[in-house]
Amino acid sequence: MNTPMKLAGLATLGASLFASLPAWAQDATAEAAEVVAAAPAAVDNAFIFNTLLFLIGGFLVFWMAAGFAMLEAGLVRSKNVTMQLTKNIALFAIASLMYWIVGYNLMYPGDAWTMTGYVGQLFSAKTIGGDPDLATGYSAGSDFFFQLMFCATTASIVSGTLAERIKLWPFLIFTVVLTGFLYPIEASWQWGGGWLSEAGFSDFAGSTLVHAAGGFAALSGALILGPRLGKYTKEGRVNPMPGSNLALATLGTFVLWLGWFGFNGASQLALGTEVDANAVSIIFANTNMAASAGAVVAMILSQLIYKKVDLTMVLNGALAGLVSITAGPLDPSLFGAVWIGGIGGVIVLVVVPLLDKLKIDDVVGAIPVHLVAGFWGTMAVPFYTDGTSFGMQFVGFAAIGLFMFVTSGIVWVVLKSTMGLRPTQEDEMMGLDKAELGLEAYPEFTKG
Amino acid sequence: MNTPMKLAGLATLGASLFASLPAWAQDATAEAAEVVAAAPAAVDNAFIFNTLLFLIGGFLVFWMAAGFAMLEAGLVRSKNVTMQLTKNIALFAIASLMYWIVGYNLMYPGDAWTMTGYVGQLFSAKTIGGDPDLATGYSAGSDFFFQLMFCATTASIVSGTLAERIKLWPFLIFTVVLTGFLYPIEASWQWGGGWLSEAGFSDFAGSTLVHAAGGFAALSGALILGPRLGKYTKEGRVNPMPGSNLALATLGTFVLWLGWFGFNGASQLALGTEVDANAVSIIFANTNMAASAGAVVAMILSQLIYKKVDLTMVLNGALAGLVSITAGPLDPSLFGAVWIGGIGGVIVLVVVPLLDKLKIDDVVGAIPVHLVAGFWGTMAVPFYTDGTSFGMQFVGFAAIGLFMFVTSGIVWVVLKSTMGLRPTQEDEMMGLDKAELGLEAYPEFTKG
Amino acid sequence: MNTPMKLAGLATLGASLFASLPAWAQDATAEAAEVVAAAPAAVDNAFIFNTLLFLIGGFLVFWMAAGFAMLEAGLVRSKNVTMQLTKNIALFAIASLMYWIVGYNLMYPGDAWTMTGYVGQLFSAKTIGGDPDLATGYSAGSDFFFQLMFCATTASIVSGTLAERIKLWPFLIFTVVLTGFLYPIEASWQWGGGWLSEAGFSDFAGSTLVHAAGGFAALSGALILGPRLGKYTKEGRVNPMPGSNLALATLGTFVLWLGWFGFNGASQLALGTEVDANAVSIIFANTNMAASAGAVVAMILSQLIYKKVDLTMVLNGALAGLVSITAGPLDPSLFGAVWIGGIGGVIVLVVVPLLDKLKIDDVVGAIPVHLVAGFWGTMAVPFYTDGTSFGMQFVGFAAIGLFMFVTSGIVWVVLKSTMGLRPTQEDEMMGLDKAELGLEAYPEFTKG
Amino acid sequence: MKGKDVKLIIAAIKPFKLEEVREALTTIGVRGMMVTEIKGFGSQSGHTEIYRGAEYAVNFVPKVRLEIVVSDSLADAVVETIRTTAKTDKIGDGKIFVLDVQHAVRVRTGEINDDAL
Amino acid sequence: MKGKDVKLIIAAIKPFKLEEVREALTTIGVRGMMVTEIKGFGSQSGHTEIYRGAEYAVNFVPKVRLEIVVSDSLADAVVETIRTTAKTDKIGDGKIFVLDVQHAVRVRTGEINDDAL
Amino acid sequence: MKGKDVKLIIAAIKPFKLEEVREALTTIGVRGMMVTEIKGFGSQSGHTEIYRGAEYAVNFVPKVRLEIVVSDSLADAVVETIRTTAKTDKIGDGKIFVLDVQHAVRVRTGEINDDAL
Ligand SMILES: Nc1ncnc2c1ncn2[C@@H]1O[C@H](COP(=O)(O)OP(=O)(O)O)[C@@H](O)[C@H]1O
Ligand SMILES: Nc1ncnc2c1ncn2[C@@H]1O[C@H](COP(=O)(O)OP(=O)(O)O)[C@@H](O)[C@H]1O
Ligand SMILES: Nc1ncnc2c1ncn2[C@@H]1O[C@H](COP(=O)(O)OP(=O)(O)O)[C@@H](O)[C@H]1O
């Protein structure tokens, strides 16, 4: 998702060409203009198309919030489902508010940087009312609506990794900081026209800026929080805790897959020209190919390695494929999308057990899917996108990763040492639904 | 959602301007026209954009039918889930047929009122075939498709309140009357260009016309039907009956939230100009803000009042926020949407227990969410919308409320005294799924 | 869904008209062109609208894959849910890859037929990159994205019928053949401009080409595979095996209903003119009417025949209504859509028990819904569409049916005699989730 | 002598009677029980259902099974209380069975027999 | 003398054998039973599964537990019938236990012992 | 003499203790058991919850019920093992009941009593 500046530029170019017409033509144009004022043709259709793309993309990415909720609710044990659902809907609502109050202008400061290229406008709420500004090429409201969804996505990634063992409120407070400050700041470095975009980093729809960023926030949290009780035995055995509802997990994955068309497709930021329409189409097709390849590869590998297909690995594989193509969904051929996404599937099969070896408890596999596949996706950009370099891609990833890991780490530590992150052992054993919320997700089915 | 007339007007204006051009220009225009006839630019793109808005908005509102089904299936006890699902899919199908056979022309009589301003055309089925009528500015089929969804939504609201204790057929017969007659008549008063619109009432997307209207139909039903067996003990204790599947309830809420972008956004009824595109964008953003604020406020209040977060209250809060902004989603600033929606969250926390005190059994909280928040949303319009008054808003709400409460009350009473509304005590105790449908929703999981 | 040629034609017509302008106007046009080059108005908006229609339609049809997954997961017993979910996500991923590698160019050979009118290009992978080809009237990527979804839908139909008793890998290998070869070949006969389209067969969105085709593949599989253990007792009694989760089944049906708007609507293949926009609108409205009528008729009949409403029949009824209108969703009036769809509902009530009599075990009712209603929908076309004949419709249906039944039958037999199709009796009894995947969908709820 | 004899009372009742029975038993001094959801087979069983057009017999009806361990002295009262409270005079009301318990232990304290209850 | 002695027969069998066993028991005159889904632990237990790459032992296998109260006279026939019908000769077929019942009561009628069954 | 007397030990314990208890029992030579999820009522019961603003009492707490049939000789050890392993010293730890079993049969082999276990 390049910076919105692009479009503005395009539009002003148009204006100037207009101005540069020979005098005698002016009148003609004048008349034309008059006619035109009445006929629909006079309307700046590109403005409408671009806005429509943001709105469609935006509601599709909104839908991803439901996808994360279902995926996570399906992969936790039934005694923690209500809590997981509560966290997911709450984090989205919080992201909306925080991104409005501080996030948006912190991320898109225009020329009003607090620290040029690094920190945008602080504490200036976004406003969208009034007449449309044609120069930008799209409606401000649609842009805000669309960008907001990316902020919320970043937060959704964190909730899954830390599931089943973090109290509600500290998690929500972290979400406030993440969506109001951490995400907007790191994202501004690239999409806000900050130092990374200056330096030539490339991340079309956010393999690094959204997915890896969320993944690093999740990783630092997982390290500070520690694994779920009984997940790793003293003898070092891994004790699997199978998800309670794979139908929900699969539904969630399909929802995310669907939402991703908006996530990547609308990141083209324009639909007003044949070239843009064509670009969006290519992105849709590539996104679908990468997801499919990720799923198939994960399925085949899990058959080869474990002699049976593990559905949860297939689901993770599809998502890893999606994250892998997100940094550069436009330039690769369909074949490119396939092999880039397929490697996402490999990552899942390799990294999921690896994390268990490291005793890092990632309940839903968000770290392999979002962080590691996000890294891969970012590094794969130069294979197909001119003007990008592996070096710069690495620098960008490292910078964002470091920033997110450290800052969110600090927030986690502060929360831990103040209000505490974890419920009591007994509460965790009983399940957060009963212990903290007093409300079971399936009161009639589960048997404690 | 103003009356469709608006667009027609706009288009004709265009035509007239055309006509009013100086003679010499005519030829030019003629040529232009010729060129134009071949080049896509000659197409009335506004017609296509407006139609597309109706279609996208329409399928998003259709999706809300699934949202209600999941929300309600999740909030009833497992022994009544099949029944709740059956009612929800059946009511939508019935709404489609009734709105076609009588509803649409009863609601949009044009100049062919049966009783001017109060009752439209009776028993005239809607037709949409033939060539597009450019004058209206949109395709008749897309308008019918879109409006139909609002009719169905009204019916969906009723099913939740009366869940677990009303037999299938009387409910469906009520749905026939509601979607064929009651909703179209009251809605025609405003959106059909009837007396309320003349009087200056304002209800952009239907806080009153859809949500409160459905809420009043539900309320009268709840009063006549009485509470579920054992819901209120003789000692006056409230006996909670926790929903059987909060994952479904949360999914349903996300689905409704998504659908609401179409519900409010497409109620702008036009996308063919930059101003309209901008308006739709503002509506999307405001709608999302109101929902988020409602959810957050409900969450915080439930923590303060009950010392724990009640997910079902958070879900209701988000929906109440959505209903609250529905009467005027365009004019408020983002901040306006936040506080208007936030009060929706307050309403939930106040009204849910209040209804229990009054022994009104509202299984899913549809009355606080749709009726009371609908009232609030309607009354909040004048804060941001010029040319509206609190007085007139109240009059409109009261008129619609009275009409719906009385007419649906009559229907309920007639049904009660003829075929009867409630199953036998034993059947209700056993659950409607087994007793009336002989089919359990989760035959392998629940244990009676 | 007519052949894409149509649009190309339209565009060239435009070009030629351009050419035919009087000389003096040329300059003017030249200037205009210049202005225009800058102003959005010069853009070929039809190209964008058409592309957008494919993209929106495409993601809606994608969503149907999730619908099939939920419907089937809800209608199988809990011990086979993980398997059903695995099959559904895997078949979609496989369809994406196979349709890219061979399917698309096999189906749309243009002039490069291997056997003119019967077999397209073999083993030529589809590419979509590069600049948009304006002559076609839409983006190649969007067309590929859209067509691919139809291929996947065909495969989804098969999985439901054969549920609970076919091993994972043979099913997936069949999917490879089906999506890579069988579907593209038969579909090329009509949509690829092959012999059936030459002969005057008409199947707008695929009642025959997609639904009946999938149904025949499922039927031949069901015959070769045989019924589930214990489904039909020696005494010839039918032993029902109720679905484990009707909430999922209902969700799946709503998802399919929603997706169908894209399935039928975008099969208009164009949105760039008022006439096209109007057509898409009519299709949306008719599609919704047919589904509603199918549901209501199935509900009423099940009440009359069985004295109780069977939700699973209502769900099937809605889907049968959708399939019935799919062959000709544009030409019928709303009334036409209603009776055509309603007969779909009748078909369900008649064919479901009939199959049981024939001891054909169709777990989710895919044969009545997709094959038989697909037949009905195809035969109903001449009632409203000029230039079509019952004879030709029958010939087309029969040809496709025969081809699919025979070819897929051969594949099933080969698979059976090589790797085998069925799990051991003990495995089937235990459930495929535990036996083959070692992973239960609801590990905490079900009790073996 | 006191606390020697302890009985296990097993009862199958209709699910919706559970709460009523539990309250009645508490009032006569029962301080604990185990409740299991079961499928009951008996004279009540055997009505038929239809699913997708196919008839089938429902052989099991959902019941709730109570296990109550009490001292001999209380046993008859418990049986009597269950019998009267669980009764609806409709077929399927259930059964009560009384068994001997050799001894009872409370995990927390190690108390035995009467004191364990 | 008649109706004095009543037995409780508890059996753990493989779930898919339930219907067969129920039918067999009906034919020999058993008119009721209680069925509970349980997790069984025994020699059959202990195969391992893999979830997301981690191995784990499955210690419990799903079984169905039958409780049948019959008069002494019928007890042996019941045990025999279960033994033969539930048998698959594969490990995990289950166990049958017979206990004494002091007395049995039918809630609906108050009939006791034999008459209660 | 050997194999004559067989006991049924019924215990209600806290769910999260199941695995620990099972392992402990295995080490002392128990080779099988039946596990049922139950709702327990006892002194631990009775805390209140709030749902949508309405308070209600939770009378039942989830417990796990073990049924272990062992030879007389092993019975005491089993009771003792459960008592010590299931113990958390918090209210609700559960109860153990011992009953006489008349005889036990292994379905697969027809072996009886001790040999059946
Ligand atoms: N012989 C039996 N052994 C164990 N439980 C029984 C027996 N007979 C009946 N039951 C239990 O009692 C319940 C009610 O018995 P049933 O014969 O249906 O009605 P009633 O108790 O009125 O005669 C059954 O569902 C079953 O759970
Ligand atoms: N000692 C025991 N006490 C109670 N139930 C037992 C005992 N041993 C086995 N069972 C039950 O019998 C079932 C089958 O026993 P198992 O040892 O696995 O196979 P088999 O019966 O063929 O020896 C177990 O799953 C358990 O439910
Ligand atoms: N009289 C009884 N008969 C049967 N089971 C009992 C009895 N009393 C208690 N239990 C079981 O033991 C469990 C724990 O008992 P409780 O009184 O709550 O705590 P404690 O065992 O520490 O006294 C209860 O949940 C119930 O399952």
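A.B. asks: Honestly, the overall build of chain A in this entry has me stumped. Any pointers?
C.D. replies: For chain A, the helix and strand inventory stands at 16 helices and 0 strands. Here the C-alpha coordinates of chain A stretch approximately 90 × 45 × 45 Å along the principal axes. Counting every position in chain A, which comprises 448 residues, the buried fraction comes to 71%. Residue pairs in contact within chain A that sit at least 24 positions apart in sequence constitute 79% of those at least 6 positions apart. As presented, chain A carries roughly 12300 Å² of accessible surface, and 69% of it is formed by carbon and sulfur atoms. Distance from the positive charge centre (19 side chains) to the negative charge centre (29 side chains) of chain A: 23 Å.

A.B. asks: Teacher, can you tell me more about the overall build of chain D here?
C.D. replies: Looking only at helices and strands, chain D has 2 helices and 7 strands in total. The N-to-C order of helical and strand elements in chain D reads β-α-β-β-β-β-α-β-β. The globule rule puts the C-alpha radius of gyration for 117 residues at 13 Å, and the 17 Å found for chain D is more than 25% above it. Over its C-alpha atoms, taken along the principal directions, chain D stretches across nearly 60 × 25 × 20 Å.

A.B. asks: Sorry, what's going on with the interface of chain A and chain B here?
C.D. replies: Frequently, the measure chosen for interface size is the accessible area removed from exposure when the parts meet. Listed by partner, the interface residues are 67 residues for chain A and 67 residues for chain B. When the two sides are added together, the surface that chain A and chain B hide from each other amounts to roughly 5400 Å², 80% of it contributed by carbon and sulfur. Linking chain A to chain B there are 0 salt bridges. Broken down by element, the side of chain A that touches chain B gets its largest block of residues, 15 residues, from helix H3 (residues 45–75) of chain A. In terms of residue class, the side of chain A that touches chain B is built from 46 nonpolar, 12 polar and 9 charged.

A.B. asks: What's the story with the site of ligand 2 in this structure? I'm lost.
C.D. replies: By nearness alone, 21 residues border ligand 2, and Ser43(E), Gly92(E), Val69(F), Arg106(F) and Arg108(F) come closest of all. At the site occupied by ligand 2, the surrounding residues belong to chains E and F. Contacts to ligand 2 include Ser43(E), whose side-chain N or O atom sits 2.5 Å from an oxygen atom. Between ligand 2 and Lys95(E) there is a distance of 3.0 Å, counted from an oxygen atom to a side-chain nitrogen or oxygen. Contributions of two or more residues to the shell around ligand 2 are made by strand E2 (33–41) and strand E6 (95–101) of chain E together with strand E2 (33–41) and strand E5 (61–71) of chain F. A per-element tally of the shell around ligand 2 places E5(F) first, with 3 residues. Across the shell around ligand 2, the residue classes tally to 8 nonpolar, 7 polar and 6 charged.

A.B. asks: Is there a simple way to think about the relation of the copies chain B and chain C in this case?
C.D. replies: For these two chain copies, the linking operation is a rotation about an axis paired with a shift along it. Placing chain B over chain C gives an RMSD of 0.0 Å and needs a rotation angle of 120°, together with 0.0 Å of translation along the axis. Classification of the inter-copy transformation places it as that of a three-fold axis. Each copy contacts the other with its own distinct surface, as only 18% of the interface residues of chain B are interface residues in chain C too.

A.B. asks: Would you mind going over helix H11 (residues 311–326) of chain B with me for this structure?
C.D. replies: What sets the pattern is the α-helix's 3.6 residues per turn: residues three or four places apart point alike. A rise of 1.5 Å per residue sets the reference length of H11(B), with its 16 residues, at 22 Å; its end C-alpha atoms lie 23 Å apart and thus fit the reference within 8%. Of all the 16 residues making up H11(B), 16 are buried; the element is thus mostly covered by neighbouring parts of the structure.

A.B. asks: What am I meant to see in the site of ligand 3 here?
C.D. replies: Around ligand 3, a shell composed of 21 residues is seen, among which Val69(D), Arg106(D), Arg108(D), Ser43(F) and Gly92(F) lie nearest. Around ligand 3 the close residues trace back to chains D and F. Within the backbone of Met33(D), an N or O atom sits 3.5 Å from an oxygen atom of ligand 3. Residue Gly92(F) places a main-chain N or O atom 2.8 Å away from an oxygen atom belonging to ligand 3. Coverage of ligand 3 by the protein chains reaches 99% of its 550 Å² of free accessible surface. Residue contributions to the shell around ligand 3 peak at 3 residues, all from strand E5 (residues 61–71) of chain D. Here the shell around ligand 3 is built from residues that sort into 8 nonpolar, 7 polar and 6 charged.

A.B. asks: Would you mind showing me how to read the interface of chain B and chain C here?
C.D. replies: Between chain B and chain C, the contact holds 68 residues from the first and 67 residues from the second. When the two sides are added together, the surface that chain B and chain C hide from each other amounts to roughly 5400 Å², 80% of it contributed by carbon and sulfur. The interface formed by chain B and chain C includes 0 salt bridges. Seen at the junction of chain B and chain C, the total is 9 residue pairs in polar contact (both at pLDDT 80 or more).

A.B. asks: Help me understand the packing of aromatic side chains, please; the structure alone is not making it clear to me.
C.D. replies: Any pair of aromatic rings gets described here by the distance separating the centres and the angle formed by the planes. Residues and elements named next belong to chain A. Within this structure, the stated rule accounts for 108 aromatic pairs over all chains. Here the aromatic rings of Trp339 and Tyr384 are separated by 6.4 Å at their centres, their planes lie at 45°, and the arrangement is tilted. Note that Trp339 is positioned in helix H12 (residues 334–357) and Tyr384 in the loop between helix H13 (366–380) and helix H14 (390–418), a separation of 45 residues in sequence. Put simply, the rings of Phe54, Tyr138, Phe146, Phe150, Trp191, Trp260 and Phe263 touch in pairs and so form one group of aromatic residues.

A.B. asks: Would you take a moment to explain the nonpolar core for this structure?
C.D. replies: Generally speaking, nonpolar side chains in soluble globular proteins are found buried as a group. Phe59(A), Trp63(A), Phe59(B), Trp63(B), Phe59(C) and Trp63(C) are the most contacted members of the largest nonpolar core, which totals 495 residues. Beyond its immediate chain neighbours, meaning those up to four positions away, Trp63(B) contacts Trp63(A), Val255(B), Leu258(B), Trp63(C), Leu251(C), Phe254(C), Val255(C) and Leu258(C). In this structure, Ile10(D), Phe97(E), Ala12(F) and Leu99(F) belong to the second largest nonpolar core, which totals 39 residues.

A.B. asks: I keep staring at the pairing of strand E6 (residues 95–101) of chain D and nothing clicks. Help me out?
C.D. replies: The side chains of a regular strand alternate between the sheet's two faces. With 5 of 7 residues buried, E6(D) is to be regarded as a mostly interior element. Of the strand pairs in this sheet, strand E1 (residues 6–13) of chain D and E6(D) are connected by 7 bridges, and their pairing is antiparallel. Its bridge partner being in E6(D), Leu8(D) is matched across the sheet by Leu99(D). Where E6(D) lies against strand E7 (residues 103–106) of chain E, 4 bridges are found, and the strand directions are antiparallel. Bridge pairing in E7(E) links Phe97(D) to Ala104(E).

A.B. asks: How should the side chain of Asn105(B) be read in this particular structure?
C.D. replies: Residue and element names in this part refer to chain B. Residue placement: Asn105 occurs in helix H4 (residues 81–107). Polar side-chain contacts of Asn105 include one of 3.3 Å to the backbone oxygen of Ala125. Not counting the four nearest positions on each side in its chain, Asn105 is found in contact with Gly120, Gln121, Ser124, Ala125 and Lys126.

A.B. asks: I keep staring at unusual backbone geometry and nothing clicks. Help me out?
C.D. replies: The general pattern is negative phi for most residues beyond glycine and trans for most peptide bonds. Positioned with a positive phi, Arg52(E) is a non-glycine residue whose angle comes to about 50°. Relative to the helices and strands, Arg52(E) is located in the loop between strand E3 (47–51) and strand E4 (54–58). Backbone geometry places Asp89(F), a non-glycine residue, at a positive phi of 65°. Mapped onto the fold, Asp89(F) is located in the loop between helix H2 (72–85) and strand E6 (95–101).

A.B. asks: Where do I start with the relation of the copies chain A and chain B in this structure?
C.D. replies: Note on the copies: chain A fits chain B at an RMSD of 0.0 Å, the axial shift is 0.0 Å, and the rotation between them is 120°. When the interface residues of chain A are mapped onto chain B, a mere 18% of them again lie at the interface, so each copy presents a different face.

A.B. asks: In this structure, what is going on with the environment of Met379(C)? I would like to understand it.
C.D. replies: Residue and element names in this part refer to chain C. Take Met379: it is sitting in helix H13 (residues 366–380). Under the relative-accessibility criterion, Met379 is labelled buried at 14%. In this structure, the C-alpha to C-alpha distance between Met379 and Ala327, residues 52 residues apart in sequence, is 8.6 Å. If sequence neighbours within four positions are ignored, Met379 has contacts with Phe390, Gln393 and Phe394.

A.B. asks: Is there a simple way to think about the arrangement of the chains in this case?
C.D. replies: These two, chain B and chain E, are apart from each other, with no contact and a minimum C-alpha gap of 10 Å. For chain C and chain F, which are not in contact, the least C-alpha distance works out to 11 Å.

A.B. asks: Before we go on, may I ask you to explain the confidence of the model for chain A in this structure?
C.D. replies: Detailed reading of predicted coordinates is not advised where the pLDDT is low. Looking at chain A as a whole, its pLDDT mean stands at 91, while 90% of the residues score no less than 70. Scored below 50 in pLDDT, residues 1–41 of chain A makes 59 contacts in the model with residues more than four places away or belonging to other chains.

A.B. asks: Teacher, can you tell me more about the pairing of strand E2 (residues 33–41) of chain D here?
C.D. replies: Where burial is concerned, most of E2(D) is hidden: 7 out of the 9 residues are buried. Examined bridge by bridge, E2(D) and E5(D) share 7 bridges and lie antiparallel to one another. Across the sheet, the residue bridging to Val35(D) is Leu66(D), located in E5(D). Sheet analysis places E2(D) next to E2(E), joined by 3 bridges and oriented antiparallel. What sits directly across from Lys39(D), in E2(E), is Val35(E).

A.B. asks: Mind showing me how you'd approach the packing of helix H3 (residues 45–75) of chain C against helix H9 (residues 246–265) of chain C here?
C.D. replies: Residues and elements named next belong to chain C. Contact geometry for H3 and H9: axes closest at 7 Å, N-to-C directions at 160°. In terms of axis orientation, H3 runs roughly antiparallel to H9. Crossing of H3 over H9 shows left-handed handedness. Grouping the constituent residues of the contact of H3 with H9 by class yields 20 nonpolar, 8 polar and no charged.

Rules and cut-offs
Residues numbered from 1 in each chain as written. Chains lettered and ligands numbered in written order. Predicted model: local features only at pLDDT ≥ 70, side-chain atom pairs only at ≥ 80, totals over all residues. Heavy atoms only, no water. Helix = DSSP H or I, 4+ residues; strand = E, 2+ residues; numbered from the N terminus. Buried < 20%, exposed > 50% of the residue type's maximum accessible area, 1.4 Å probe, protein only. Contact = heavy atoms within 4.5 Å. Areas by Shrake-Rupley, 256 points an atom, 1.4 Å probe, with all protein chains shown as cover. Lys, Arg positive; Asp, Glu negative; His and termini not counted. Charge placed at Lys NZ, Arg CZ, Asp CG, Glu CD. Rg over C-alpha atoms; globule rule 2.2 N^0.38 Å. Buried area = accessible area lost by both parts, 1.4 Å probe. Salt bridge = Lys/Arg side-chain N within 4 Å of Asp/Glu carboxyl O. Nonpolar A, V, L, I, M, F, W, Y, C, P; charged D, E, K, R; others polar. Near = heavy atom within 4 Å. Polar contact = N/O pair within 3.5 Å; in protein donor to acceptor, adjacent residues only side chain to side chain. Least-squares fit on C-alpha atoms with pLDDT ≥ 70 in both. Expected span 1.5 Å × (residues − 1). Phe/Tyr/Trp six-rings, centres within 6.5 Å; stacked < 30°, edge-to-face > 60°. Core = buried A, V, L, I, M, F, W, Y, C linked by side-chain atoms within 4.5 Å. Pairing = 2+ DSSP bridges. pLDDT = per-residue confidence, 0-100. Axes fitted to C-alpha atoms, helices over the stretch in contact; angles between N-to-C directions. Parallel < 35°, antiparallel > 145°, perpendicular 65-115°, else oblique. Left-handed = near helix turned anticlockwise from the far one by under 90°.

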